[in-house]
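Single-letter residue listing:
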Amino acid sequence: MLLLCAMVFCFPRAVCAAEAPETGAEAMVLYCVENGSIILSKNKDKEMRPASTTKLMTTLLTLEEAAKNDRVVTFTQEMTAEGSSMYLKLGEQVRLSDLAAGMMMCSGNDAANAAAIALSGSEKRFANLMNTRAKQLGMEHTHFVTPSGLDDDDHYSTAYDMALLMQAGLQNADFADLTYQKTKTVRFVQPSDKSVTYSNHNRLLRSYADCIGGKTGYTTAAGRCLVSAARRGSLTLICVTLNDKTDWEDHMALYDYGFSKLRGYYSGDSSFCLKVPCVGSEQATAAVIGAEDVSLVLEGAAADEVKRTVFLDPFVYAPVRAGEQLGRIDYTLDGEMLKSVSLVAAEDVQEKPFKKNIFQKIKEFFTYG
């Protein structure tokens, strides 16, 4: 194959923190979304009370249902709850997506109960739904009892499991958008003239520029709990601290450390399109695209230079079938292969119809089967 082009992308050398920051958390994890690695941890699998960070699960399940049918929920006596609230009154009506906002913004226990009962008929049946999803996400040390996170001896999770839950939430577009909002206005269905703007309890959205969301939690038994996420460039980190009196400061220090250690590299190869001359077709060119996007995580101090090299012949012969490999893109660092992506045909290219000359036509006329 002929080498058509080679493009070099350089990351500046990172100034890495000499040592990992100390935290006051009883359990913590700093997790990299792109490669599923744990950067730092402390008692990551210790089963503890997660308090209102539980609402990450309740919100996710609620938004998934709302995407299919954002139905109206009437607030009833059985939905009432103690503790933090979005202050729903008996008989008031809001949509499922509004209950998700009440959970994510002001940690409404009433919103969590209302969503659980609306979706499953009871908190107990909803807990079964929560635990089923937890198993699907690989949350091996988690058991939910309440949709709100109010204390129960049989309601527990771990720092690592909550990182997996936050990762799943970020993969849902509605969840990712909601958790990023500093405020959210809920317009009630009944009374129709009522609207309330709720502020997000997650201070990191205002104090840490890279923060993209998260959820707070607190009970006397659980202590201060915080799950958050931050993104810098193409690198996304999740931080979880359980029973941590200095959680805001700890999350910022941990993110600074994590972003100093790692760099994200992304290339949207599935949108990378070349037009290659095509021989033997009435179509002049064939469209060639990358088979997939590339997302890499590199140690900051080592990521001096990622080399992106495209290998592709100067022309192709018809016929060409969509998905047929025609070349590749190699990603290397200091001569070491990091990733290779196939370049494939984006569409079928038909061969030019063969035109017979007069002598071939005469021969066919006098030839009998």
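Refer to the structure printed above.
Residues numbered from 1 in each chain as written. Predicted model: local features only at pLDDT ≥ 70, side-chain atom pairs only at ≥ 80, totals over all residues. Heavy atoms only, no water.

(A) Structural context of the overall build of the protein chain. Broken down by element type, the protein chain carries 9 helices and 18 strands. Counting only residues that meet the buried cut, the protein chain has 47% of its 369 residues in that class. In the protein chain, the share of contacts with a sequence separation of at least 24, taken over all contacts with a separation of at least 6, comes to 64%. Total accessible area on the protein chain stands at roughly 17900 Å², and carbon and sulfur atoms take up 50% of it. (Helix = DSSP H or I, 4+ residues; strand = E, 2+ residues; numbered from the N terminus. Buried < 20%, exposed > 50% of the residue type's maximum accessible area, 1.4 Å probe, protein only. Contact = heavy atoms within 4.5 Å. Areas by Shrake-Rupley, 256 points an atom, 1.4 Å probe, with all protein chains shown as cover.)

(B) Quick look at unusual backbone geometry. Note that the residue after Gln190, namely Pro191, is joined by a cis bond; omega there is 0 degrees. In this structure, Pro319 follows Ala318 across a cis peptide bond, with omega equal to 5 degrees. Mapped onto the elements of the fold, Pro319 is located in the loop between strand S16 (316-317) and strand S17 (325-333). A positive phi is found at Asn43, a non-glycine position, where the angle reads about 50 degrees. Along the chain, the position of Asn43 falls in the loop between strand S3 (37-42) and helix H1 (55-68). Taking the relative accessible area as the measure of exposure, Asn43 reaches 41% and is therefore partly exposed.

(C) How the structure looks around the pairing of strand S13 (residues 285-290). Sheet topology note: the strand S12 (residues 273-279)/S13 ladder contains 5 bridges and is antiparallel. By the bridge assignment for S13, Cys273 is matched with Ile289. Counted between consecutive antiparallel strands, the loop separating S12 from S13 contains 5 residues, among which Gly280 sits at a positive phi close to 85 degrees. With 3 bridges joining them, S13 and strand S18 (residues 336-345) adopt antiparallel strand pairing. (Pairing = 2+ DSSP bridges.)

(D) Just the environment of Met79, in detail. Looking at where Met79 falls in the secondary structure, it is placed in the loop between strand S4 (72-74) and strand S5 (93-95). Overall, the relative accessible area of 4% leaves Met79 in the buried class. Taking C-alpha positions, Met79 is 9.0 Å from Leu90, a pair spaced 11 residues apart along the chain. Contacts of Met79, omitting those with residues within four sequence positions, involve Val73, Thr74, Asp110, Asn113, Ala114 and Ile117.

(E) Spotlight on the layout of surface pockets. In this structure, the largest pocket spans a volume of roughly 290 Å³. What lines the largest pocket is a set of 21 residues, among which Ser52, Ser107, Thr216, Gly217 and Tyr218 lie closest to the centre. Listed by contribution, the elements that provide at least two residues to the lining of the largest pocket are strand S8 (211-219), strand S9 (223-232) and helix H8 (247-261). Looking at the lining of the largest pocket, the element that brings in the most residues is S8, giving 4 residues. (1 Å grid on protein atoms, 1.4 Å probe; cavity = no way out; pocket = protein on both sides within 12 Å on 5 of 7 lines; lining within 4 Å. Points joined across faces, edges and corners; volume = space filled by probe spheres on them.)

(F) Just the packing of H1 against helix H5 (residues 159-170), in detail. Here H1 crosses H5 at 25 degrees, and the two axes come no closer than 10 Å. Classified by the angle between their axes, H1 and H5 sit roughly parallel to one another. Helix-helix and strand crossings are classified by hand; for H1 and H5 the assignment is left-handed. Counted together, Leu56, Met57 and Leu60 of H1 and Met162, Leu165, Met166, Ala168 and Gly169 of H5 form the full contact between these two elements. In the contact of H1 with H5, the residues fall into 7 nonpolar, 1 polar and no charged. (Axes fitted to C-alpha atoms, helices over the stretch in contact; angles between N-to-C directions. Parallel < 35°, antiparallel > 145°, perpendicular 65-115°, else oblique. Left-handed = near helix turned anticlockwise from the far one by under 90°. Nonpolar A, V, L, I, M, F, W, Y, C, P; charged D, E, K, R; others polar.)

(G) Representation of the pairing of S12 within the structure. Across 2 bridges, S12 lies against S16 in parallel orientation. Each bridged residue has a counterpart across the sheet, and for Cys278 the counterpart in S16 is Val316.

(H) Focus on the packing of aromatic side chains. For the structure on display, the rule yields 5 aromatic pairs. Consider the rings of Tyr265 and Tyr331, whose centres lie 5.8 Å apart with planes at 70 degrees: the pair is edge-to-face. A residue pair is termed long-range when its members are at least 10 positions apart, and Tyr265 in strand S11 (residues 262-267) and Tyr331 in strand S17 qualify at 66 residues. A relative accessible area of 0% means that Tyr331 is categorised as buried. These aromatic residues form a ring-pair network of at least three members: Tyr208, Tyr255 and Phe259. (Phe/Tyr/Trp six-rings, centres within 6.5 Å; stacked < 30°, edge-to-face > 60°.)

(I) Up close: empty space enclosed by the protein. Counted under the stated rule, the structure contains 1 cavity of 30 Å³ or more. Considering only enclosed or pocket space, the largest cavity measures out at about 30 Å³ in volume. Lining the largest cavity we find Val73, Thr74, Phe75, Leu88, Glu92, Val94, Leu99 and Ala114. Taken together, the residues that form the lining of the largest cavity break down as 6 nonpolar, 1 polar and 1 charged.

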